[in-house]
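# Inside the fold
What follows is the residue order along each chain.
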Amino acid sequence: GENVEQHPSTLSVQEGDSAVIKCTYSDSASNYFPWYKQELGKRPQLIIDIRSNVGEKKDQRIAVTLNKTAKHFSLHITETQPEDSAVYFCAALYNTDKLIFGTGTRLQVFP
Amino acid sequence: DTGVSQNPRHKITKRGQNVTFRCDPISEHNRLYWYRQTLGQGPEFLTYFQNEAQLEKSRLLSDRFSAERPKGSFSTLEIQRTEQGDSAMYLCASEIGTGQGGYTFGSGTRLTVV
């Protein structure tokens, strides 16, 4: 079925530490995996994405890794800052036509 | 404003009433999606359009819900005979049309059914 599992549901880290959020998808044909950040009361915003032809992508302090065999992908945030605090959603593209989202991870970065 | 626009931002309605929401996508985007988001959950797919054609509707979607995109530009989502369980944030997103790119979301319409 169309399912994306996301863990953990909440994550608290000290400023400067790293944060890792993991997702698992069910459709082996999925080939596109974006990550969205949603601040309280605001729209989800795309922060990074990865396609199935690469295993890792990095953009400054944010990186995403993909393991197609295991159908896992992860978001890594290094040197976390208080403004990184938000809810993060992973998603996978199903049937090449719609994104299915995970349940979200609430990240809190304490100064 | 070149982003995705949704109206109204908030809607409070009594149970049993009908409501209609509007989404104006980014002008060059051919695909338009509707999602529903409840507190503490990720966006849940409802339906999507390629230009004016509605290509998929979630099996979980009640027949009280209907969406249109008559001219391939803006879209409307109507909920008939609203129920308290319909209370949620309704998000619209658009994508250029390949089905392979990141979605741009609107700010959503928050529906409260009392």
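Description of the structure in this document.

Each value, and the rule that gives it
In this convention, every chain numbers its residues from 1, walking through the sequence in written order. Lettering for chains starts from A, numbering for ligands starts from 1, and both go in the order in which the items are written. At least 70 in pLDDT is required for a residue's local features to be given in this predicted model, at least 80 for side-chain atom pairs to be given and counted, and no such filter applies to totals for whole chains, interfaces and linings, which use all residues. Values shown for side chains rest on all heavy atoms present in the structure; no hydrogens or waters enter the calculation. Should DSSP find at least two bridges between two strands, the strands are regarded as paired. The numbering of helices and of strands both runs from the N terminus, where a helix is a DSSP run of H or I of at least 4 residues and a strand a run of E of at least 2. Fitted lines through C-alpha atoms give the axes, limited to the stretch in contact for helices. The angle between two N-to-C directions lies from 0 to 180 degrees. Note on terminology: pairs of cysteine sulfur atoms within 2.5 Å are recorded as disulfides. Partly exposed residues are those whose accessible area sits between 20% and 50% of the maximum for their type, while under 20% is buried and over 50% is exposed, using a 1.4 Å probe and protein chains only.

### Concerning the sheet that holds strand S8 (residues 75–79) of chain B
All names here are of chain B. In space, the four strands of this open sheet follow the order S1-S3-S8-S7, with antiparallel pairing throughout. At either margin of the open sheet sits one strand with a lone partner, and together these are strand S1 (5–7) and strand S7 (65–68). Recorded for the sheet is a direction-independent mean angle of 15 degrees between the axes of neighbouring strands.

### Digging into the state of the cysteines
All names here are of chain A. A complete count under the given rule lists two disulfides over all chains for this structure. Each sulfur of the disulfide joining Cys-23 and Cys-90 lies 1.9 Å from the other. Across the S-S bond of Cys-23 and Cys-90 the torsion is about -100 degrees, and the bridge reads as left-handed. On the criterion of sequence distance, the pair formed by Cys-23 in strand S3 (residues 19–25) and Cys-90 in strand S9 (residues 86–94) is long-range, its members being 67 residues apart.

### A few points about the pairing of strand S3 (residues 19–24) of chain B
All names here are of chain B. Here S3 shows a clear split, with Val-19, Phe-21 and Cys-23 buried on one side and none of Thr-20, Arg-22 and Asp-24 buried on the other. By the bridge criterion, three bridges tie S1 to S3 in an arrangement that is antiparallel. Across the sheet, Ser-5 pairs through a bridge with Asp-24, a residue of S3. Where S3 lies against S8, five bridges are found, and the strand directions are antiparallel. Note on S8: the bridge partner recorded for Arg-22 is Thr-76.

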